[in-house]
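# Breakdown of the fold
Each chain, letter by letter, is given below.
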Amino acid sequence: MTGTGPLSPTSPDSARRPLVAILSGAGISTDSGIPDYRGPQGLWRQDPEAEKLVTYEYYMNDPEIRRRAWQLRRDSPALRARPNAAHEAIARLERSGVPVRVITQNVDGLHQLAGVPDRKVLELHGTGRFVVCTRCHARTPMSEAIARVAAGDPDPACAECGGILKSATVMFGERLDPEVLGTAMSVAEAADVFIAVGTSLQVQPAASLAGLAAEHGARLVIMNAEPTPYDELAAETIRTPIGTALPELLATLTP
């Protein structure tokens, strides 16, 4: 860990509780049994072809890619995962009355399962807990689609219109929701403390939120096992395990 002492906001307004923004990446969920994608043991490094399963053009045009994608979803630990100590620490901070906003690159829904209100979680890349029809845009629980796959339907179609179903996530080749991204940028600009946790800060535009927060005066803390492109802007960089480091860090902000 490098830094300048206990976590504290840079805002001179001591009467106002600091706005704490937390940008979370895959690293926050590894203790819940969900592997990351770009780390040394990440999915993309172990199987580069797997990236096609979450690339919109391949997914829409190749039924075999869709079948493989549904098998991956069926076998994924994400739907069975539970929040870990880091997710729970964020939820405790939010319950303490400190203004908290979570901006997440994850699609696992674990922040909400830990108790952070849905309205305070910005899911930049969507959610893997729902599916959406690419034709009529009907939205249904992922669990229902997975049940159909388990029952022998390898590429379930929309029950409403017969269109192609996909997870309600932002695939490669799709744009982020501009409203969600715009709100995330506003949160980054307004934050007194901005904590990037478990993210390589390599995927844009999410990664740029760390720089945006620092430019607007936030105390930037980066907690990640490996160096990131934004480390030089950080007031603190933390390399110790997230499951212990984040609860300790957030405890310094709890009233």
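Conventions used here
Residues numbered from 1 in each chain as written. Predicted model: local features only at pLDDT ≥ 70, side-chain atom pairs only at ≥ 80, totals over all residues. Heavy atoms only, no water. Helix = DSSP H or I, 4+ residues; strand = E, 2+ residues; numbered from the N terminus. Buried < 20%, exposed > 50% of the residue type's maximum accessible area, 1.4 Å probe, protein only. Polar contact = N/O pair within 3.5 Å; in protein donor to acceptor, adjacent residues only side chain to side chain. Contact = heavy atoms within 4.5 Å. UniProt positions renumbered as here; feature names shortened; annotations may be inferred. Pairing = 2+ DSSP bridges. Axes fitted to C-alpha atoms, helices over the stretch in contact; angles between N-to-C directions.

As recorded in an unreviewed UniProt entry, the protein chain goes by protein acetyllysine N-acetyltransferase and comes from Streptomyces paromomycinus.

### Considering the side chain of Thr 127
Within the fold, Thr 127 resides in strand E4 (residues 126–133). Residue classification places Thr 127 among the buried residues on the basis of a relative accessible area of 6%. A polar atom in the side chain of Thr 127 sits 3.1 Å from the backbone nitrogen of Arg 129. Those residues within four positions of Thr 127 in sequence are excluded, and the remaining contacts are Val 107, Arg 139, Ala 168 and Thr 169.

### Points about the UniProt feature "active site" (unreviewed entry) in the protein chain
Under the local residue numbering, the UniProt record ascribes the feature "active site" (unreviewed entry) to His 125. Inspection of the secondary structure assignment puts His 125 in the loop between strand E3 (121–123) and E4. When residues no more than four places from it in sequence are discounted, the contact partners of His 125 are Thr 104, Gln 105, Val 107, Ala 168, Thr 169, Val 170, Leu 176 and Val 203.

### Some details on the sheet that holds strand E9 (residues 236–238)
Read from one edge to the other, the open sheet built from six strands follows the order E3-E2-E1-E7-E8-E9, with strand pairing classed as parallel. Edge positions in the sheet fall to E3 and E9, since each has one partner strand and no second. Each neighbouring strand pair of the sheet contributes to a mean axis angle of 15°, computed without reference to strand direction. The pairing of strand E2 (residues 100–104) with E3 spans three bridges and is parallel.

### Let's talk about helix H8 (residues 208–215)
Helical geometry: 3.6 residues make up each α-helical turn, so side chains three or four residues apart lie on a common side. Here H8 has its buried residues at Leu 209, Ala 210, Gly 211, Leu 212 and Ala 213. Where H8 is buried, its residues contact E2, helix H7 (178–190), strand E7 (193–197) and strand E8 (219–223). Phi for Gly 217, located one or two positions after H8, is positive at around 95°.

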